Structure formats: C-alpha cells, structure tokens
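Spelled out from the first residue to the last, the chains are:
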Amino acid sequence: MADNLEDFRTEVRSWLAANCPPEMREPLEDDEDRCWGGRKAQFKNPAQKQWLDAMAGRGWTVPEWPAQYGGGGLSREEAKVLREEMRRINARSPLDSFGIWMLGPALLKYGTEEQKQRFLPPIIRGEIRWCQGYSEPGAGSDLASIQTRAEDRGDHWIVNGQKVWTSYADKADWIFCLVRTDPTAKKHEGISFVLFDMETPGVSTKPIVLISGKSPFCETFFDDVRVEKENLVGELNKGWDVAKYLLQHERAMIGGMGELAGPRPLGQVAADSVGAENGMLADPMLRAQIATLDIDSIAFKLAMERTGDLMKRKKAHPADASVLKYYGTELNKRRHELIMAAGGADALEWESERSRGGHDARAWLRTKANSIEGGTSEVQLNIIAKRILNLPGA
Ligand SMILES: Cc1cc2nc3c(=O)[nH]c(=O)nc-3n(C[C@H](O)[C@H](O)[C@H](O)COP(=O)(O)OP(=O)(O)OC[C@H]3O[C@@H](n4cnc5c(N)ncnc54)[C@H](O)[C@@H]3O)c2cc1C
C-alpha cells in the first residue's frame, strides 16, 4: 500500500505541476475569488476555468465519489495524498459547491440510480449550481415546522410557500427543498425532499443584506411552482431522514472552516501592528492568545482527520458532525477576533484600497454567522448533550 501511495503521490505531484495554473496557487483574496460554477458562472480569469476543467476531467473536484458518476474513485488515503499535494503548492479549491458538500452525499445515499446519473455528473463538472431551501420565517432551529406546501396533482406537485436565508438563491440554478406533502401528519413526518429548477415559473428571490455589507443570501418565494414527481429524493413523506443526513454533511463542512488559516500567519500580522521584542511579539497577552489558537487549531485538524476516517468506515457517531460544527465555527470566530485584535485600528478600515475594501473587517463580521448557519451553536450543544452525553432532553 505504502509503495502504491508513494507512486500515486509522485503522479499527483507532476500532474499538479503541469495542470494547476500559477494564478490558482495564489491565496483567495475574498469570497468572490471562489469558483462556484453553474449556468451563470462568471470566471474571474481563464485560469480559474482551466483549473476547474482540469480537475473535473479527473473527477478530482470530488476525489472520493464513485468514478461511474464522474468522481475520482480514490480511496480515502489517496484523497488525503491529493489534498496534501494541493496544500503543498497552495492550490485553490477548483470548485466550491453545495452540490458537492450537501446534495451529492444525500443523492448517493437516497437517490435512485436515474437521479444519480442525472444530477451527479453536472455537480462534479460545476455545470449546475445548487442552493438549499430548508429554513423558513417560522422554521429555523425548529426546522420540522416548515409550512411550504406541496399539493399533489397526479404526476406533479404544486408548491407554495416561502424560504428564508437561502444562500446564493439568486445565483443558483436548482434548489434542494423541504416541502410539506402531508399536512395532517406529525411535524417530522409528512415532509418530502424535492429538487427543482430555479427558473421554473413562480420561483422568485429577494436578496438580504448582511452586517458585512455583502448580500449572499435571499428570501425565496414559491408561487404555484410545478415540481415533477420524478424529482422526489427518498420516500414520500420521509424527507426528514434525507434532510438530517444532508445536515450532517453540511455541519461537518461548515465546521471545516476551523481549519482555514489566513493567507499570512497571525503572528506576522500582529508583529506588523504591535511590533516585536527579542524576536517575540511585543504584546504578551496577544502572543498567548495566538499560541493557544494555533494549538487548538492543530488539535481540531487532527479531530477532523479522525472523524473523517471514522465516517469513511461508517463508525462515526451521527452527532460527531455537531461536535465539528460547534468547535470549528467557534474556533473560526476566535481566529477572526484575533485578526482584528492583531491588526489594530487599521483592521477596522471599511472601504479603502489599502484595506482591500475592508477585507478583514468584513470577513470578521461574516464569521458571526458561522455559528448560526447550518444550525446554531446552542442547537449543536443540545444535540451533543442528548445524543453523545446521554443527558436528559429539555
Ligand atoms: C449566513 C447564513 C446562511 C444561511 N444559509 C441558509 C441556506 O442556504 N438555506 C437555508 O435553508 N437556511 C440557511 N440559513 C439559515 C440557518 O440555517 C438558520 O438561521 C438557523 O438554523 C437558525 O434558525 P433561525 O435563524 O430561525 O433562528 P432561531 O431558530 O429563531 O433561533 C434564535 C436563537 O434561539 C436559539 N435557540 C433556538 N432553539 C433553541 C433550543 N432548542 N435550545 C437553545 N437555544 C435555542 C438559537 O440558538 C438562536 O440563538 C443561513 C443562515 C445564515 C446566518
């Protein structure tokens, strides 16, 4: 195995050297540098498209998905080698995608063969961009209270209702959506998981502005939207099972933000601002906080690896994703608090060229949402208390 892996590493290294354009080895400046693909994709430069196509061509936008749907078909060990080699040259992710992080795993588990053949390849190639229609004005933490209604009309449903906080709904091509198909059943029952095109007549979106000044998400309205029955994933009225499974993947993915270091080490940012004495950061409190964060980040990274291995062997606890979500997002918020503390007053600049349009301040404010999106920290702690620690429920 070791020999094979070393051969694989050599092959990956030379392939990346030949195929990862230099522009795609530069750190991301902001969210707009990410490649989300989709029908309305706007590539920042030709290199971004070239990188997506090269990686998608090998199925390496999803290294561990089955090759029969266009995935890489790699083992977990091989995928780890690929990630390490990409990290070594600072290669950017070729594609960020709700299809990859959330819908794909749910389709692989609950989709019919026909649905897998139809929906997975365009996700892998970045051709269709997905958004998530879960939350509603009266259903966030208490998600099973959703009221969006799908009325049975024989070979299709007619959907009416409203979603909220739908990230990138205005840019997405398709939506995976929770709808109520049996209003008489108990609230966790009678929910179904359906897919439909955002260009279907009756779908409209209205962007909501965030505290960071950016507007990445929307209110989404459904007004007599026709949804074909073939687009039901899983069983009718059993959408809650699909929804929960997808949430595990979403939470693990959001928790992964805890692993993300900024383009420059925090100690260096702080040294530029508060200065150094005897080769050490001049502010001892800040020094201690940065050291603690670094240690916690390493521990979290190892915990992510361990949980990933357990998941692959189907030995992870279903609530492990809540542990990663909780800790990773709190860690990311702490990191950005420290970036602000380390940057001093300059970090608060909002619109200047020097601050790259208030990059640090806007990124710091954006992290405030990390412990809300995908389920709040309080809700994750409830899940951990109940399902891992076996404490009595409220
Ligand atoms: C940036 C961002 C992007 C998002 N993207 C999407 C998306 O793409 N698609 C989508 O469907 N949704 C999305 N969401 C919505 C997100 O999933 C919800 O905001 C989240 O589940 C919380 O629901 P809520 O906002 O209704 O808050 P509420 O559920 O009303 O919670 C309000 C407060 O009460 C606390 N609380 C609630 N219940 C309990 C409890 N039982 N015990 C203890 N405390 C509790 C919460 O922790 C929170 O502090 C996004 C949210 C954000 C911030």
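What comes next is a walk through the structure. Values in this document were obtained by computation on a predicted structure and should not be read as measured data.

Criteria and thresholds
- Residues numbered from 1 in each chain as written.
- Predicted model: local features only at pLDDT ≥ 70, side-chain atom pairs only at ≥ 80, totals over all residues.
- Heavy atoms only, no water.
- Near = heavy atom within 4 Å.
- Polar contact = N/O pair within 3.5 Å; in protein donor to acceptor, adjacent residues only side chain to side chain.
- Areas by Shrake-Rupley, 256 points an atom, 1.4 Å probe, with all protein chains shown as cover.
- Helix = DSSP H or I, 4+ residues; strand = E, 2+ residues; numbered from the N terminus.
- Nonpolar A, V, L, I, M, F, W, Y, C, P; charged D, E, K, R; others polar.
- 1 Å grid on protein atoms, 1.4 Å probe; cavity = no way out; pocket = protein on both sides within 12 Å on 5 of 7 lines; lining within 4 Å.
- Points joined across faces, edges and corners; volume = space filled by probe spheres on them.
- Phe/Tyr/Trp six-rings, centres within 6.5 Å; stacked < 30°, edge-to-face > 60°.
- Buried < 20%, exposed > 50% of the residue type's maximum accessible area, 1.4 Å probe, protein only.
- Lys NZ or Arg CZ within 6 Å of the ring centre and 35° of its normal.

Surrounding the ligand, one finds 18 residues, the nearest of these being S135, S141, W165, T376 and E378. One of the backbone nitrogen or oxygen atoms of W165 is found 2.9 Å away from a nitrogen atom of the ligand. In the model, a nitrogen atom of the ligand is placed 2.7 Å from a nitrogen or oxygen of the S167 side chain. Protein burial of the ligand: of its 970 Å² of free accessible surface, 66% is covered by the chains. The set of elements that each furnish at least two residues to the shell around the ligand consists of β3 (156-167) and α11 (377-388). A total of three residues in the shell around the ligand trace back to one element, the largest contributor, which is β3. For the shell around the ligand, the per-class residue count stands at five nonpolar, 10 polar and three charged.

What the second largest pocket holds in volume is close to 160 Å³. For the lining of the second largest pocket, the secondary-structure elements that each account for two or more residues are α8 (284-312) and α9 (320-343). Here the lining of the second largest pocket is built from residues that sort into seven nonpolar, one polar and two charged.

Let us now look at the packing of aromatic side chains. All told, the structure shown has 17 aromatic pairs when counted by the stated rule. Taken together, a centroid distance of 5.4 Å and an interplanar angle of 65° make the contact between F119 and W174 edge-to-face. Taken together, the residues span a long stretch of sequence, with F119 in helix α5 (residues 113-124) and W174 in strand β4 (residues 174-180) at a distance of 55 residues. A single burial state applies to F119 and to W174, both of which are buried. On the numbers, 5.3 Å between centres and 45° between planes, the contact of W165 with F217 is tilted. Remark: F217 occurs in strand β7 (residues 217-228) and W165 occurs in strand β3; sequence separation between them is 52 residues. For W165, a relative accessible area of 48% corresponds to the partly exposed category. Residue F217 is classed as buried on the basis of its relative accessible area of 14%. Grouped by ring-pair contacts, the aromatic residues F119, W130, Y134, W174, F176 and F193 constitute a single cluster. Looking at K109, its charged tip hangs above the ring of Y245, at a distance of 5.2 Å from the centre.

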